[in-house]
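Spelled out from the first residue to the last, the chains are:
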Amino acid sequence: LACVGLARYARRGQIDADERHPVLTPDGWTIWLHRFRPAVQKHDVPVILGHGLMMNRWCWSLSPGGSLPRALADRGHDVWVAEYRGSGMSRPPTGTPMRWSFEDHVQQDVPALIDAVRTRTSRPGVHWVGHSMGGMVAYLHTGRRKLDSGVERLVTIGSPVQFGHVRRIMGPLGHPARRLLRSIGIVPVRPLLFLGLPFVALVPQVALRISGASEHLSLQERLALTSLAFEDSSSDLCAFFMDRWLRNEGLCAADELVGSRSGFAEIDVPTLVVAGQKDVLAPPSAVKPAFDETEGIPAAYRLFGDPEAAPQDAGPALGHADLISGTVAVQHVLPLIAEWLETPEPQAVCTPTRANDAPLTLVAPATDAAALEP
């Protein structure tokens, strides 16, 4: 009864989408897009929000005042929240096992979602804002497809591209966990977290440790994150990350993209990379290399809680979940995302962009780098 009551409290006043649209992938899965329409559309390019591992659409909207898609729509953006296979209302073809991999997200789900939004809006391209795995799949999609990616601007938030930190966290449990994953089909995340709701309410550190969030989330937001935003996951998908953690590999294999050491030099869309100082699941050291290795495109990096920045510029030290979730994300991260998406011709920007008086590190195409002010 306590779990049910807390789950109902977490749902109070939650803001859901205006429309829902099914999307059929080439291999027959039905996945979903949840549309937040602006009252007055001020920006032509639609925005897709892509969630992370074991997440669904609710990770972006944890409280009535903490809904990033609604806040973006209120700024005049046409916002589409994606749910890949295995999340929300998605369903496999009849008779197909409920198993999926990271490559299924990259090769099947992302292109289908982008094409669906382009078709429904009659727009040539979209902006992609990805959190955690949602940014990782976008890195590979844009790097592989280049001019045919359909992405005009990219924002990645807490998206790791190196995984040595997780290997250190898991320690000797890594190899037994990998063997266990190989023996099951679905990792039952939701029922376990539902039973843990009383601990989330009484011991906030539980929710913060599970999600990688910081103390900025309110009680309702912590409960919503735990009871609404998590999904069961495929062992094949989890094994992809486990293999990279144990082998200390990066996101891109050595031969992932021809002519590129890491794959990120192949990305050809303006890219903003965002990290949080208190993010233990995707620490800055695991996120920033994607920015460091971009070449020939406008790119920017912002670390919330940067210890080397002046106090007025550092912003709050954010964790993994509160980079996109809750009122703190709407107050501090949303203006940064909006500025990146709304600035005309970002390649022409010659001074550091600012959000909440916090400077970004901007890099222009290699041929123009000397023209930038420090």
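Here is what the cut-offs are and how they apply
Residues numbered from 1 in each chain as written. Predicted model: local features only at pLDDT ≥ 70, side-chain atom pairs only at ≥ 80, totals over all residues. Heavy atoms only, no water. 1 Å grid on protein atoms, 1.4 Å probe; cavity = no way out; pocket = protein on both sides within 12 Å on 5 of 7 lines; lining within 4 Å. Points joined across faces, edges and corners; volume = space filled by probe spheres on them. Axes fitted to C-alpha atoms, helices over the stretch in contact; angles between N-to-C directions. Helix = DSSP H or I, 4+ residues; strand = E, 2+ residues; numbered from the N terminus. Parallel < 35°, antiparallel > 145°, perpendicular 65-115°, else oblique. Contact = heavy atoms within 4.5 Å. Nonpolar A, V, L, I, M, F, W, Y, C, P; charged D, E, K, R; others polar. Buried < 20%, exposed > 50% of the residue type's maximum accessible area, 1.4 Å probe, protein only. Arc of directions from axis to C-beta. Phe/Tyr/Trp six-rings, centres within 6.5 Å; stacked < 30°, edge-to-face > 60°. Left-handed = near helix turned anticlockwise from the far one by under 90°. Salt bridge = Lys/Arg side-chain N within 4 Å of Asp/Glu carboxyl O. Pairing = 2+ DSSP bridges. Right-handed = clockwise from strand over helix to strand, strands pointing away. Patch = residues over 30% accessible without salt bridge, like charges linked within 9 Å, V, L, I, M, F, W, Y side chains within 5 Å. Areas by Shrake-Rupley, 256 points an atom, 1.4 Å probe, with all protein chains shown as cover.

S.K.: Any details on empty space enclosed by the protein? Residues and values, ideally.
M.R.: Going through the model one piece at a time under the given rule, you end up with four cavities of 30 Å³ or more. Counted as a void, the largest cavity has a volume near 70 Å³. Along its surface, the largest cavity is lined by 16 residues, and Met54, Arg85, Ser87, Trp100 and Leu237 are the ones closest to its centre.

S.K.: With reference to specific residues and values, describe the packing of helix 3 (residues 102-121) against helix 4 (residues 133-145).
M.R.: Contact geometry of helix 3 with helix 4 gives a least axis separation of 10 Å together with a crossing angle of 75°. The angle between the axes of helix 3 and helix 4 places the two elements in the roughly perpendicular class. The residues of helix 4 that touch helix 3, namely those facing Phe102, Glu103, His105, Val106, Gln107, Val110, Pro111 and Ile114, are Met133, Met136, Val137, Leu140, His141, Arg144 and Arg145. Of the residues belonging to the contact of helix 3 with helix 4, the class tally is nine nonpolar, three polar and three charged.

S.K.: Could you give me a rundown of helix 1 (residues 2-11), with the residues and numbers involved?
M.R.: Helical geometry: 3.6 residues make up each α-helical turn, so side chains three or four residues apart lie on a common side. Residues of helix 1 that are buried: Cys3, Ala7 and Ala10. Along the axis of helix 1, the buried positions cluster into a sector of 55°, meaning they face one direction only. Close packing links the buried residues of helix 1 with helix 7 (189-195), helix 8 (197-202) and helix 10 (219-229). Immediately downstream of helix 1, the backbone of glycine 13 shows phi near 75°, a positive value.

S.K.: Summarise the environment of histidine 141; cite the residues concerned and give the values.
M.R.: Tracing the chain through its elements places histidine 141 in helix 4. Residues histidine 141 and proline 111 lie 30 residues apart in sequence; the distance between their C-alpha atoms is 7.8 Å. If we skip the residues at most four places from it in the chain, histidine 141 touches Val106, Val110, Pro111, Ile114, Lys146, Ser149 and Val151.

S.K.: Describe the packing of aromatic side chains, and please don't skip the residues or the numbers.
M.R.: How two aromatic rings sit relative to each other is given by the distance of their centres and the angle of their planes. Summed over all chains, the structure comprises three aromatic pairs. For the pair tryptophan 29 and tryptophan 100, a centre-to-centre distance of 5.9 Å together with 75° between the ring planes defines the contact as edge-to-face. Of this pair, tryptophan 29 sits in the loop between strand 1 (19-24) and strand 2 (30-36) while tryptophan 100 sits in the loop between strand 4 (79-83) and helix 3, placing them 71 residues apart in sequence. By relative accessible area, which is 2% here, tryptophan 29 ends up buried. For tryptophan 100, a relative accessible area of 4% corresponds to the buried category.

S.K.: Talk me through the packing of helix 1 against helix 10; I want residue IDs and the actual numbers.
M.R.: Packing of helix 1 against helix 10 brings their axes to within 8 Å, and their N-to-C directions diverge by 110°. For the element pair helix 1 / helix 10, the angle class is roughly perpendicular. The handedness of the crossing between helix 1 and helix 10 is left-handed. Contact residues: helix 1 offers Leu6, Ala7, Tyr9, Ala10 and Arg11, while helix 10 offers Leu219, Gln220, Leu223, Ala224, Ser227 and Leu228. Classifying every residue of the contact of helix 1 with helix 10 gives eight nonpolar, two polar and one charged.

S.K.: Outline the environment of proline 289, listing residues and values.
M.R.: Tracing the sequence through the fold places proline 289 in helix 13 (residues 289-292). Put simply, proline 289 and proline 160 are 129 residues apart on the chain and 8.6 Å apart in space, counted from C-alpha to C-alpha. If sequence neighbours within four positions are ignored, proline 289 has contacts with Val161, Gln162 and Pro284.

S.K.: Go over the pattern of salt bridges, please, and point to the residues and values.
M.R.: Where charged atoms of side chains with opposite charge meet at close range, the side chains can pair. Under the counting rule described, the total for this entry stands at 16 salt bridges. Of the charged contacts, one joins aspartate 44 and arginine 123 as a salt bridge, the two residues approaching to 4.0 Å between their closest N and O atoms. Of this pair, aspartate 44 sits in the loop between strand 2 and strand 3 (47-50) while arginine 123 sits in the loop between helix 3 and strand 5 (126-131), and the two are 79 residues apart along the sequence. The class of aspartate 44 is exposed, set by a relative accessible area of 52%. Across the pair aspartate 109 and arginine 85 runs a salt bridge whose closest N-O atoms are separated by 2.9 Å. With aspartate 109 in helix 3 and arginine 85 in the loop between strand 4 and helix 3, the pair connects residues that are 24 residues apart, well separated along the chain. For the pair formed by aspartate 109 and arginine 85, the shared burial category is buried.

S.K.: Hey, could you go over the pairing of strand 6 (residues 151-157) for me, with residue numbers and the actual values?
M.R.: For strand 6, the tally of buried residues reaches six of seven residues, placing the bulk of the element in the interior. The sheet contact formed by strand 5 and strand 6 spans six bridges and is parallel. When the bridges of strand 6 are listed, valine 129 appears paired with valine 155. Read as a crossover between parallel neighbours, the route from strand 5 over helix 4 to strand 6 is right-handed. Taken together, the four bridges between strand 6 and strand 9 (residues 271-276) define a ladder with parallel strand orientation. When the bridges of strand 9 are listed, leucine 154 appears paired with threonine 271.

S.K.: Pulling in residues and values, what's your account of a nonpolar patch on the surface?
M.R.: Among the surface-exposed residues, Val4, Phe194 and Leu195 lie close enough to one another that they form a single nonpolar patch of about 250 Å² accessible area. Checked against the element boundaries, leucine 195 lands in helix 7. When its relative accessible area of 57% is taken as the criterion, leucine 195 is described as exposed.

Keep in mind that these numbers describe shape and distance, not what the molecule does.
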